[in-house]
Amino acid sequence: MQTTHRPVISATGLFTPPESISNAELVASFNTYVEQHNTAHAEAIAAGEVAALEPSSTEFIEKASGIKARHVMAKAPVLDPEVMAPRWDERPDEDLSVLAEIGVAAARDALGRAGRDAADVDAVLCAASNMQRPYPAMAIEIQQALGIDGFGFDMNVACSSATFGIQTAADYIRAGNARSVLVVSPEITSGHLNWRDRDSHFIFGDVATAVLVEDAALAPAAHWDILGTRLKTVFSNNIRNNFGFLNRAHPDSADAPDKLFVQEGRKVFKEVVPMVAQMIVDEADRLEIDPQGLRRLWLHQANAGMNRLIAQRVLGHEANEDESPTVLDTYGNTSSAGSIIAFHLHSGDLAPGDTGLICSFGAGYSAGTVFVRKAG
């Protein structure tokens, strides 16, 4: 088959865990933990030696984030005040890992929607922020489980991993090094979230997405032309996770809070919003696209306020739900998968010729834009 070296998005896929935690359930669990902690340390608190923990509330969570619920892989242990973390049996090395399992489910969904056989795929990129292990790569495990004869590798750019993966896949198509590439983003964020931290215990949810990037010559009639992509990174400590294999070099702090997700939320908000908005406008100008004419923005699902301000700066007015749809309320922040979920669930109604933007941003700082147009 003659190739065009022109990358398109042929289809997307989604795996959603069946269990969901509402804000009310989360707050009840957290406040029970707070009450138990304050009771157990009452004397030290009275002496000023230990700070009393503050309870949470559904009103606080929704005002701070816009999140109302989140899906998780293991609900009961997360809500157990004695555990407050996911729990499941460790799988033998011969079995498919849990991260690969949900990645395969999302990939099969994408392949089915594109009418594509796994044998037609040349490469798998596992682009996510919550890798289960350093090696062997989850991408290679997913590749093997799907029966793909090609190559795969993992890439981690935190919340922007999926858009970085899409540009990487598009570059393979442009260079002629591949004709069909799966970008898979399995995100079990519940494992790195500190469920005992009032300022962040409500943020994350679990999910997996997949994006099939292909040469236009292979793509089904219903596809999305990739008009252009742009990536940006700026170093910042304001979102950080210090967990890693070198933690064993200093075992006394191996379980410290900084080995889980930590962030300076107000600083992130203040610094990321203008950076991302300007990046979008600049890239639109380079592509000769009127940013105010974008039909829809599929933005990273981290915070409703951030999305509202970014959309307003790009579109020139406050975006409505049709122009900038949200999945944050029911999925929570799913790291790299958020903008892909929004695109997956809220793109089918656009007409041929409509132009939109998939955009992610997060730790690093990292940001990625993928401008797309629905094919006729």
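For clarity, every value in this text was computed on a predicted model and none was experimentally measured. (Residues numbered from 1 in each chain as written. Predicted model: local features only at pLDDT ≥ 70, side-chain atom pairs only at ≥ 80, totals over all residues. Heavy atoms only, no water.)

Asks: Just to check I follow, could you spell out the overall build of the chain for this structure?
Replies: Helices and strands together make up the secondary structure of the chain, namely 11 helices and 13 strands. Every one of the 376 residues in the chain was classed for burial, and the buried ones make up 53%. Excluding contacts between residues fewer than 6 apart, the proportion of contacts in the chain whose partners are at least 24 apart in sequence is 77%. When the accessible surface of the chain is summed, it comes to about 16600 Å², and 50% of that surface belongs to carbon and sulfur atoms. Of the charged side chains in the chain, 30 are positive and 48 negative, and the gap between their average positions amounts to 5 Å. (Helix = DSSP H or I, 4+ residues; strand = E, 2+ residues; numbered from the N terminus. Buried < 20%, exposed > 50% of the residue type's maximum accessible area, 1.4 Å probe, protein only. Contact = heavy atoms within 4.5 Å. Areas by Shrake-Rupley, 256 points an atom, 1.4 Å probe, with all protein chains shown as cover. Lys, Arg positive; Asp, Glu negative; His and termini not counted. Charge placed at Lys NZ, Arg CZ, Asp CG, Glu CD.)

Asks: Would you explain the pattern of salt bridges in this entry?
Replies: In a structure, side chains of opposite charge can pair up when their charged atoms sit close to one another. Enumeration according to the criterion identifies 13 salt bridges in this entry. For Arg113, the salt bridge identified is with Asp109, shortest N-O distance 3.0 Å. Placement of the pair is Arg113 and Asp109 together in helix H5 (residues 98–114), with a separation of 4 residues, close to one helical turn. Asp171 is the salt-bridge partner of Arg174, the closest N and O atoms lying 2.7 Å from each other. Within this pair, Arg174 and its partner Asp171 are both found in helix H7 (residues 161–175), separated by 3 residues, close to a single helical turn. (Salt bridge = Lys/Arg side-chain N within 4 Å of Asp/Glu carboxyl O.)

Asks: How should the packing of aromatic side chains be read in this particular structure?
Replies: Here a ring pair, both rings aromatic, is described through the centre-centre distance and the interplanar angle of the planes. Tallied over the full model, the rule gives 7 aromatic pairs. With a centroid separation of 5.8 Å and 90° between ring planes, the pair formed by Phe60 and Phe202 is classed as edge-to-face. Here Phe202 lies in the loop between strand S6 (180–188) and strand S7 (206–215) and Phe60 lies in helix H3 (residues 58–65), a separation of 142 residues in the sequence. Since its relative accessible area comes to 25%, Phe60 is described here as partly exposed. Considering the side-chain rings of Trp224 and Phe343, the 5.2 Å spacing of their centres and the 65° angle between planes classify their relative orientation as edge-to-face. (Phe/Tyr/Trp six-rings, centres within 6.5 Å; stacked < 30°, edge-to-face > 60°.)

Asks: What's the story with the nonpolar core in this structure? I'm lost.
Replies: The nonpolar side chains of a soluble globular protein tend to be buried with one another. Val276, Ile280, Leu294, Ile310 and Phe361 are the most contacted members of the largest nonpolar core, which has 43 residues in total. Elements that contribute at least two residues to this core include exactly helix H1 (23–40), helix H4 (75–79), helix H8 (265–286), strand S11 (296–299), helix H9 (304–315), strand S12 (355–362) and strand S13 (366–374). Per-element tally for this core: the top contributor is H8, with 8 residues. Apart from the residues within four sequence positions on either side, Phe361 is in contact with Cys159, Ser160, Val272, Val276, His300, Met306, Asn307, Ile310, Ser366 and Ala367. (Core = buried A, V, L, I, M, F, W, Y, C linked by side-chain atoms within 4.5 Å.)

Asks: So what exactly am I meant to see when it comes to the pairing of S11 here?
Replies: Across a regular strand the side chains alternate sides, sitting on one face of the sheet and then on the other. Side chains of S11 alternate between two faces, with Arg296 and Trp298 and Leu297 and Leu299 buried alike. Two strands pair when backbone bridges link them, and S11 and S12 are joined in this way by 4 bridges, in the parallel orientation. Opposite Leu299, over in S12, you have Cys359 as the bridge partner. (Pairing = 2+ DSSP bridges.)

Asks: Honestly, a negative patch on the surface in this entry has me stumped. Any pointers?
Replies: Taken together, the side chains of Glu90, Asp93, Glu94 and Asp95 present a region of like negative charge at the surface. With respect to the secondary-structure elements, Asp93 resides in the loop between H4 and H5. On the basis of relative accessible area, Asp93 is assigned to the exposed category, the value being 76%. (Patch = residues over 30% accessible without salt bridge, like charges linked within 9 Å, V, L, I, M, F, W, Y side chains within 5 Å.)

Asks: I would appreciate a short explanation of the environment of Ala304 in the present structure.
Replies: Assignment of secondary structure puts Ala304 in helix H9. Sequence separation between Ala304 and Arg116 is 188 residues; the distance between their C-alpha atoms is 35 Å.

Asks: Help me understand H1 in this model?
Replies: A turn of α-helix holds 3.6 residues, and therefore any two residues three or four places apart point the same way. Here H1 is 18 residues long and its end C-alpha atoms lie 25 Å apart, about the 26 Å a rise of 1.5 Å per residue gives. Burial in H1 covers these residues: Asn23, Leu26, Val27, Ser29, Phe30, Tyr33, Val34 and His37. Angular distribution of buried residues about the axis of H1 spans 165°; they occupy a single face of the element. Turned more than 90 degrees off the buried face of H1, the exposed positions are Glu35 and Thr39. For H1, the secondary structure elements touched by its buried residues are strand S2 (19–22), H3, strand S3 (69–72) and H4. (Expected span 1.5 Å × (residues − 1). Arc of directions from axis to C-beta.)

Asks: Would you mind showing me how to read the side chain of Ser10 here?
Replies: By the secondary structure assignment, Ser10 is in strand S1 (residues 7–15). Note on Ser10: relative accessible area 5%, which makes it buried.

Asks: Whenever I open this one, the pairing of S12 confuses me. Can you help?
Replies: Along S12, 8 of the 8 residues are buried, which leaves the element largely enclosed by surrounding structure. Burial along S12 is two-sided: the face carrying Thr355, Leu357, Cys359 and Phe361 and the face carrying Gly356, Ile358, Ser360 and Gly362 are both buried. One ladder, built from 8 bridges, connects S12 with S13; its direction is antiparallel. Looking at S13, one finds that Gly362 is bridged to Ser366. Taking the residues that link successive antiparallel strands as the turn, the S12-S13 hairpin has 3 residues, and the phi of Gly364 there is positive, at about 140°.

Asks: Is there a simple way to think about the packing of H8 against H9 in this case?
Replies: The geometry of a pair of packed helices is captured by two quantities: the angle between their axes and the separation between those axes. Packing of H8 against H9 brings their axes to within 9 Å, and their N-to-C directions diverge by 35°. Seen along the crossing, H8 lies across H9 with a hand that is right-handed. Residues Val268, Phe269, Val272, Val273, Pro274, Val276, Ala277, Ile280 and Val281 of H8 form the contact with H9, whose own contacting residues are Gly305, Met306, Leu309, Ile310, Arg313 and Val314. Residues that form the contact of H8 with H9 fall into these classes: 13 nonpolar, 1 polar and 1 charged. (Axes fitted to C-alpha atoms, helices over the stretch in contact; angles between N-to-C directions. Left-handed = near helix turned anticlockwise from the far one by under 90°. Nonpolar A, V, L, I, M, F, W, Y, C, P; charged D, E, K, R; others polar.)

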